[in-house]
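Residue-level structure breakdown
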Amino acid sequence: MIGSVLSTLLTLALLAAVGLHLWERLSPLEVHSVRVTVAEPPGERCDVTVDVVATVETNGRAGTIRYRWLRGGAEPGGLLTQRVSRGQRTVTLHLKWAVSGTGTTTETAVIDITEPNPTQGRTIFRYQCRAG
């Protein structure tokens, strides 16, 4: 009787462990949040390349993030992909944006994530170049 109960409990524990393993392996990648910043604001420098950085938080599952960068006053960028490894909970995506000329402008950069679940993040920066 005790042997039968122990055997049943062991079988249930094994099934639960296998089920949990399959759930973790088969559940899809999800984006939980995205934050967009400028690594170093251009300040009053002329003709600079601004590094726009998107920090994407995921559920740690493996998969692919499909995204594009949108820049104020420009056509949408092409669709890009970033592979995410199992266990990777943070992904960093960069946009190198060359800004030149004289004058002052305020620019907006938006990351448009289309997969695995649509979401966006944005940042604004000011470019100011005074002719010498």
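Before reading on, note that the structure itself is shown above.
Keep in mind the model is a prediction, meaning the values are calculated, not measured. Each chain carries its own residue numbering, running from 1 in the written order of its sequence. Local features in this predicted model are restricted to residues of pLDDT 70 or higher, and side-chain atom pairs are both shown and tallied only at a pLDDT of 80 or more, whereas totals for entire chains, interfaces and linings draw on every residue. No hydrogens and no water enter the side-chain calculation; it runs on all heavy atoms of the structure.

Digging into the environment of Val 84
Basically, it comes down to this: Helix and strand labels come from DSSP, where a helix needs a run of H or I of at least four residues and a strand needs a run of E of at least two; each type is numbered from the N terminus. In this analysis, two residues are considered to be in contact whenever any of their non-hydrogen atoms come within 4.5 Å of each other.
Looking at where Val 84 falls in the secondary structure, it is placed in strand E4 (residues 80-84). Along the sequence, Val 84 and Ile 65 sit 19 residues apart, while their C-alpha atoms lie 7.3 Å from each other. Not counting residues up to four positions away in its chain, the partners in contact with Val 84 are Leu 29, Arg 61, Ala 62, Gly 63, Ile 65 and Val 91.

Describing the pattern of salt bridges
Test applied: Criterion for a salt bridge: a side-chain nitrogen of Lys or Arg within 4 Å of a carboxyl oxygen of Asp or Glu. Throughout, exposure labels follow a simple rule: accessible area from a 1.4 Å probe, protein chains only, divided by the maximum for the residue type, with under 20% read as buried, over 50% as exposed, and the rest as partly exposed.
Inspection of every chain in the model, using the stated rule, returns four salt bridges. One salt bridge connects Glu 40 with Arg 45, and the closest N-O pair in it is separated by 3.8 Å. Glu 40 gets classed as exposed once you look at its relative accessible area, which sits at 52%. The exposure class of Arg 45 is partly exposed, given its relative accessible area of 38%. A salt bridge links Asp 51 to Lys 96; the shortest N-O distance between them is 3.5 Å. Within this pair, whereas Asp 51 is found in strand E2 (residues 48-58), its partner Lys 96 is found in strand E5 (residues 90-99), the two being separated by 45 residues in sequence.

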